[in-house]
Amino acid sequence: MKRLFSLLAILIVLFGFVYGAEKVANKEAKRMVVTSVFKNGEFIPKKYACEGEDINPELVITNVPKNAKSIAIICDDPDAPIGTFVHWVIWNIPVNGDSVKIPEGLKKLEKLTEGTMQGYNDFGKIGYNGPCPPRGHGVHHYHFKVYALDTLLELKGKVKKADLEKAMKGHIIESAEIVGLYERKY
């Protein structure tokens, strides 16, 4: 009888371990992901930089949490000579399902369709302005940080990155990121 209980205990532990590992694997497989026309760690096409059309690239966010009400995005460059330089601040992107597509070339307006809002970047402009590092400064890293939020945000005035980050506190369900590279040469 003791052997039977020992065997049962071992089976229960093994089952629990396998079941737990499966849950972790499923959770990892369903993490929110952001993709674009460039892969993570690859160069951003010139079209999306100041030397090109200077329009935002398409972003596709998949595995958006079911309880997300909106998406916010901050794009910045921590390699800028003056410190982190902000290229894009956008929020209240509506969520309808488990994926969200931000189209290429959004208008550079504060208020877009369906309640989406854009703030000011460090160029002092509304909307997206792409990579534009100083010539000869080397490769810069552009972080497109995507946040799934449990609410819509009420922000007014000349909204910048710090304002958005403050408003998002306590509302971030999940985040994802894609990093693109860019270098201007002589």
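Every value quoted in this text rests on a predicted model; they were computed, and no experiment measured them.

Q: Tell me what's going on with the state of the cysteines, and back it up with residues and numbers.
A: Linking two cysteines covalently via their sulfur atoms produces the bond known as a disulfide. Taken as a whole and assessed by the stated rule, the structure comprises 1 disulfide. Between the sulfur of C50 and that of C132 lies a disulfide, 2.2 Å long from S to S. With the S-S bond torsion at 80 degrees, the cross-link from C50 to C132 turns out right-handed. In this pair, C50 is assigned in the loop between β1 (33–36) and β2 (59–62) and C132 in the loop between β6 (117–118) and β7 (140–149), connecting sequence segments 82 residues apart. On the accessibility criterion, C132 (28% relative accessible area) is partly exposed.

Q: Please set out the pattern of salt bridges residue by residue, giving values where relevant.
A: For the structure shown, the criterion picks out 7 salt bridges. Across the pair K47 and E104 runs a salt bridge, and its minimum N-O distance is 3.1 Å. In this pair, K47 sits in the loop between β1 and β2 while E104 sits in the loop between β5 (99–102) and β6, placing the two residues 57 residues apart along the sequence. On the basis of relative accessibility, which here comes to 31%, the residue K47 falls in the partly exposed class. A salt bridge links D76 to K145, with the shortest nitrogen-to-oxygen separation between them at 2.8 Å. With D76 in strand β3 (residues 70–77) and K145 in strand β7, this pair connects stretches of sequence that are 69 residues apart.

Q: Residues and numbers for unusual backbone geometry, please.
A: Although it is not a glycine, N63 adopts a positive phi angle of roughly 60 degrees. Residue class for N63 comes out partly exposed when judged on its relative accessible area of 27%. Unlike most non-glycine residues, E114 shows phi in positive territory, near 55 degrees. Looking at the secondary structure, you find E114 in the loop between β5 and β6.

Q: Quick one: what's the story with the sheet that holds β1, residue by residue and with numbers?
A: Spatial strand order, β1-β2-β5: 3 strands in an open sheet with antiparallel pairing. The sheet terminates laterally at β1 and β5, the two strands that pair on one side only. Taken pair by pair, the neighbouring strands of this sheet meet at an average axis angle of 15 degrees, ignoring direction. By the bridge criterion, 4 bridges tie β1 to β2 in an arrangement that is antiparallel. Along β2, the bridge assignment pairs S36 with L59.

Q: I'd like to hear about the pairing of β7, residue by residue, with values.
A: Burial runs high along β7: 9 of the 10 residues are buried. Relative to β7, β3 is paired through 7 bridges, and the arrangement is antiparallel. Note that in β7 the partner of I73 across the bridge is V146. Examined bridge by bridge, β7 and strand β8 (residues 172–182) share 10 bridges and lie antiparallel to one another.

Q: Hey, could you go over the side chain of N129 for me, with residue numbers and the actual values?
A: Its place among the elements puts N129 in the loop between β6 and β7. Using a relative accessible area of 6% as the deciding quantity, one classes N129 as buried. For N129, the side chain forms a polar contact with the side chain of D54, separated by 2.9 Å. At a separation of 2.8 Å, a polar atom in the side chain of N129 contacts the side chain of N121.

Q: Can you lay out the packing of aromatic side chains for me, pointing to particular residues and giving the numbers?
A: For the structure on display, the rule yields 3 aromatic pairs. An angle of 75 degrees between the planes, with centres 4.8 Å apart, marks the rings of F85 and F123 as edge-to-face. A residue pair is termed long-range when its members are at least 10 positions apart, and F85 in strand β4 (residues 85–94) and F123 in the loop between β6 and β7 qualify at 38 residues. F85 gets classed as buried once you look at its relative accessible area, which sits at 15%. We classify F123 as partly exposed; its relative accessible area is 35%. Centroid distance W88 to Y128: 5.4 Å. Interplanar angle 80 degrees. Geometry classified as edge-to-face. Taken as a pair, W88 in strand β4 and Y128 in the loop between β6 and β7 lie far apart in primary sequence, 40 residues in all. Judged by its relative accessible area of 0%, W88 is buried.

About the criteria used
Residues numbered from 1 in each chain as written. Predicted model: local features only at pLDDT ≥ 70, side-chain atom pairs only at ≥ 80, totals over all residues. Heavy atoms only, no water. Disulfide = S-S within 2.5 Å. Helix = DSSP H or I, 4+ residues; strand = E, 2+ residues; numbered from the N terminus. Buried < 20%, exposed > 50% of the residue type's maximum accessible area, 1.4 Å probe, protein only. Salt bridge = Lys/Arg side-chain N within 4 Å of Asp/Glu carboxyl O. Pairing = 2+ DSSP bridges. Axes fitted to C-alpha atoms, helices over the stretch in contact; angles between N-to-C directions. Polar contact = N/O pair within 3.5 Å; in protein donor to acceptor, adjacent residues only side chain to side chain. Phe/Tyr/Trp six-rings, centres within 6.5 Å; stacked < 30°, edge-to-face > 60°.

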